[in-house]
Amino acid sequence: MLDDFVLRAALAGVGVALAAAPLGCFVVWRRMAYFGDATSHAALLGVALALSLDLPIFGGVLVVALAMALIVAGLNGRNVSTDALLGVLAHGALAIGLVAVSLLPNQRVDLSAYLFGEILAVTKGDLAVIWGGAAVSIALLVWRWQALLSATLNPDLATASGLNPKREQLILTLALALTVAVALKVVGALLIAAMLIIPAAAARPFSRTPETMAIMAAIIGMIATLGGLAASFAFDTPTGPSMVSVAALLFALSAGLAPVFRR
Amino acid sequence: MSLISTQNLTLVLDGQTVLENVNIAIEKGEIVTIVGPNGSGKSSLLRALIGALKPASGSVTRADGLRIGYVPQKLQIDATLPLTVQGFLNLPHRHPRAVVNDALHKAGVGDLAKRQMADLSGGQFQRVLLARALLNAPDILILDEATQGLDQPGAAAFYRQIEEVRREMGCAVLMVSHDLHVVMAASDRVLCLNGHVCCEGTPEIVADAPEYRALFGTGTQGALALYRHEHTHSHDHTHDHSNCDGAH
């Protein structure tokens, strides 16, 4: 039944949407948008690394994304103004990644596949990697949910409750790198951050608890994925960007409806 | 044995020594207030006591199984994070509903459980923080400028609540405060901090200490006078704003 490429694409998209939803909530709550950017843009460097060393793409991306996420998390912990620095890292990683891929010898790499994803080319093997990675990422967040929320609210308060905020940050970092690695094939390096942030932001007006926000984000993410897939067939548009466009439309709709839901 | 104490505690933040050789001890049931100018290491001391800062040297000793209720200086909840008061009190450990409601009652906000944190007023917010600190029936409450941002009646009401909590629960209270008049009225003991402990003792002793006067002047905007009247009034108006005892 997985022989239908449309079905595989839909399943891959749903897997990414599910993993991105709870993680995206934390990215929004902790104001880590640039963190998501830097990590996902670093994926391109991971592609270059994997291609040049003949490694699986997923492995290369996971390693480089994790390294970048750790660097950014380390900077975040310090008492320096990180906004500009994060911007440098995010865009620098993208540019250097593009250059690195173009320098690869005897490879005619289809750059747009890595920048915007190629969800319609997802294989059964890809599907296994995507769902496996998504499952691990979701499991990590569910396991540490209460602790992560506490550390997000206030690190000192978390410490006073016997938690280690640094460890929770590490869990989040790991989940982010994992999600970036599995999402690359689906939406591409440029738009992974969008799939993290937009569904979560769109879910905010309908949520009174963190848990409902994560679930709403998952639902909105799935609608965006499937809607984008359908739209890309109907209008013959690129699939990844179509998915993000639908998500952005849903966000606009949600922002318009927000006053109705505010008590 | 003291509930919590420090032994020659020295704290270094970003290469700067913020506290040096601090020895303090908090006993069961007492109210101790830390005063000191900005940057004198008050918050850092509290953070070291709860374990959020590692000592550069020296140590912090807690009584076995000590339960600490901590109220941070400020807590900003991002507007994108939906959270009810009830949900906030259940982080990171879930508590039975009765325990949550009881803590909210003790803090004087028994009717707010279902409200969104973002919708609370400043005073309500601080009381919810207090309620959270009361959840585990603490042996000691540690408050870091808990009335920051409250107007004077609000602050006074908050301190009354704390006294009531102590009466009811018998916990010790260690707080940082800028409200000197409150300090003098409500504390058993005052610690004057400025990179080190410059003086400590009952409010009367501290108010008379030259180190304290050097830091806060003699008048303290009339607040002290409320409680201490003329007999402590000094006509020596040399406002020496150098460090506490000249050791630095």
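Residues numbered from 1 in each chain as written. Chains lettered and ligands numbered in written order. Predicted model: local features only at pLDDT ≥ 70, side-chain atom pairs only at ≥ 80, totals over all residues. Heavy atoms only, no water.

1. Thoughts on the overall build of chain B
A count of helical and extended segments in chain B gives 9 helices and 10 strands. Counting across all 248 residues of chain B, residues that qualify as buried make up 53%. In chain B, once contacts between residues fewer than 6 apart in sequence are set aside, the share between residues at least 24 apart is 67%. When the accessible surface of chain B is totalled, it reaches about 11100 Å², and 48% of it is carbon and sulfur. (Helix = DSSP H or I, 4+ residues; strand = E, 2+ residues; numbered from the N terminus. Buried < 20%, exposed > 50% of the residue type's maximum accessible area, 1.4 Å probe, protein only. Contact = heavy atoms within 4.5 Å. Areas by Shrake-Rupley, 256 points an atom, 1.4 Å probe, with all protein chains shown as cover.)

2. Considerations on the interface of chain A and chain B
At the interface, 23 residues of chain A touch 29 residues of chain B. Summing both partners gives a buried area of about 2300 Å² for chain A against chain B, and 56% of it is carried by carbon and sulfur. Applying the counting criterion to the chain A and chain B interface returns 2 salt bridges. The shortest N-O distance in the salt bridge between B:Arg47 and A:Asp156 comes to 2.6 Å. Across the contact surface, chain A and chain B share 12 residue pairs in polar contact (both at pLDDT 80 or more). At the level of elements, helix H1 (5–29), helix H7 (145–153), helix H8 (155–160) and helix H11 (210–235) of chain A are the ones that each hand at least two residues to the side of chain A that touches chain B. Considering every element that reaches the side of chain A that touches chain B, the biggest residue donor is H7(A), with 5 residues. Split into classes, the residues belonging to the side of chain A that touches chain B amount to 10 nonpolar, 8 polar and 5 charged. (Buried area = accessible area lost by both parts, 1.4 Å probe. Salt bridge = Lys/Arg side-chain N within 4 Å of Asp/Glu carboxyl O. Polar contact = N/O pair within 3.5 Å; in protein donor to acceptor, adjacent residues only side chain to side chain. Nonpolar A, V, L, I, M, F, W, Y, C, P; charged D, E, K, R; others polar.)

3. Things to note about the sheet that holds strand S9 (residues 189–193) of chain B
Hydrogen bonding along the main chain pairs the strands of a sheet, whether they run parallel or antiparallel. Residues and elements named next belong to chain B. Strand order in the open sheet made by the 6 strands is S6-S7-S8-S4-S9-S10, with mixed pairing throughout. The outermost strands of the open sheet, each flanked by one partner alone, are strand S6 (68–71) and strand S10 (197–201). For this sheet the average axis-to-axis angle between neighbouring strands, irrespective of direction, equals 15°. The pairing of S9 with S10 spans 4 bridges and is classified as antiparallel. Among the inter-strand pairings, Cys-192 is bridged to a residue of S10, identified as Cys-199. This element, helix H4 (residues 122–134), spans S6 and strand S7 (140–144) of the sheet and lies at about 165° to S6. (Pairing = 2+ DSSP bridges. Axes fitted to C-alpha atoms, helices over the stretch in contact; angles between N-to-C directions.)

4. Quick word on the domain arrangement of chain B
Residue and element names in this part refer to chain B. Taken domain by domain, chain B comprises domain 1 (1–67 + 140–248) and domain 2 (76–137). Opposite the 11 residues of domain 1 that make contact, domain 2 presents 12 residues. The largest contributions to the domain 1 side of the interface with domain 2 come from Arg-67, Gln-161 and Met-169, which together make up 43% of the buried area. Remark: the boundary between domain 1 and domain 2 carries 4 residue pairs in polar contact (both at pLDDT 80 or more). Counting residues per element, the side of domain 1 that touches domain 2 draws most heavily on helix H5 (residues 152–169), which supplies 7 residues. Partitioning the side of domain 1 that touches domain 2 into residue classes produces 8 nonpolar, 1 polar and 2 charged. (Domains from an automatic or database assignment.)

5. Let's talk about the side chain of A:Asp156
Residue position: A:Asp156 is located in helix H8. Among the polar contacts listed, one links the side chain of A:Asp156 to the side chain of B:Arg47, at a separation of 2.6 Å. Residue contacts for A:Asp156: discarding those within four places in its chain leaves B:Arg47, B:Ile50, B:Ala52 and B:Tyr70.

6. Thoughts on unusual backbone geometry
Of all residues except glycine, most have a negative phi; of all peptide bonds, most are trans. Between B:Leu91 and the following residue, B:Pro92, the backbone shows a cis peptide bond with an omega angle of -10°. A positive phi angle, near 55°, is found at A:Asp236, a position not held by glycine. One can find A:Asp236 in the loop between H11 and helix H12 (239–261). Assessed through its relative accessible area of 69%, A:Asp236 is described here as exposed.

7. Description of the nonpolar core
All names here are of chain B. In this structure, Phe-88, Leu-89, Ile-140, Leu-141, Ile-142, Leu-143 and Leu-174 are the most contacted members of the largest nonpolar core, which totals 146 residues. Each of domain 1 (1–67 + 140–248) and domain 2 (76–137) gives at least three residues to this core. Formed by 14 residues, the second largest nonpolar core is a distinct cluster that contains Val-190, Val-206, Ala-207 and Leu-215. (Core = buried A, V, L, I, M, F, W, Y, C linked by side-chain atoms within 4.5 Å.)

8. Focus on the packing of H4(B) against H5(B)
All names here are of chain B. Contact geometry for H4 and H5: axes closest at 11 Å, N-to-C directions at 15°. In terms of orientation, H4 lies roughly parallel with respect to H5. As for the relative orientation of H4 and H5, their crossing is right-handed in sense. Here H4 contributes Gln-126, Arg-127, Leu-130 and Leu-134 to the contact with H5, which in turn contributes Ala-157, Phe-158, Gln-161, Ile-162, Val-165 and Met-169. Partitioned by chemical class, the residues of the contact of H4 with H5 number 7 nonpolar, 2 polar and 1 charged. (Parallel < 35°, antiparallel > 145°, perpendicular 65-115°, else oblique. Left-handed = near helix turned anticlockwise from the far one by under 90°.)

9. A closer look at helix H1 (residues 42–50) of chain B
Residue and element names in this part refer to chain B. Burial within H1 is extensive, with 7 of its 9 residues counted as buried. Taken residue by residue, H1 has Lys-42, Ser-44, Leu-45, Leu-46, Ala-48, Leu-49 and Ile-50 as its buried positions. Downstream of H1 by a residue or two, Gly-51 has a phi angle that is positive, lying close to 95°.

10. A look at the packing of aromatic side chains
All names here are of chain A. Overall, the coordinates contain 5 aromatic pairs over all chains when judged by the stated rule. Aromatic side chains Phe-5 and Phe-233 sit 6.3 Å apart centroid to centroid with 55° between the ring planes, which places their arrangement in the tilted category. Placement of the pair is Phe-5 in helix H1 and Phe-233 in helix H11, with a sequence separation of 228 residues. Here Phe-5 falls in the partly exposed class, since its relative accessible area comes to 36%. Owing to a relative accessible area of 42%, Phe-233 belongs among the partly exposed residues under this scheme. Ring pairing ties together the aromatic residues Phe-26, Trp-29 and Trp-145, which thus form one cluster. A cation over an aromatic ring shows up here: Arg-144 above the ring of Trp-143, its NZ or CZ 4.9 Å from the ring centre. (Phe/Tyr/Trp six-rings, centres within 6.5 Å; stacked < 30°, edge-to-face > 60°. Lys NZ or Arg CZ within 6 Å of the ring centre and 35° of its normal.)

11. Some thoughts on the environment of B:Gly39
Locating B:Gly39 in the fold gives a position in the loop between strand S4 (31–35) and H1. Taking C-alpha positions, B:Gly39 is 28 Å from B:Ser121, a pair spaced 82 residues apart along the chain.

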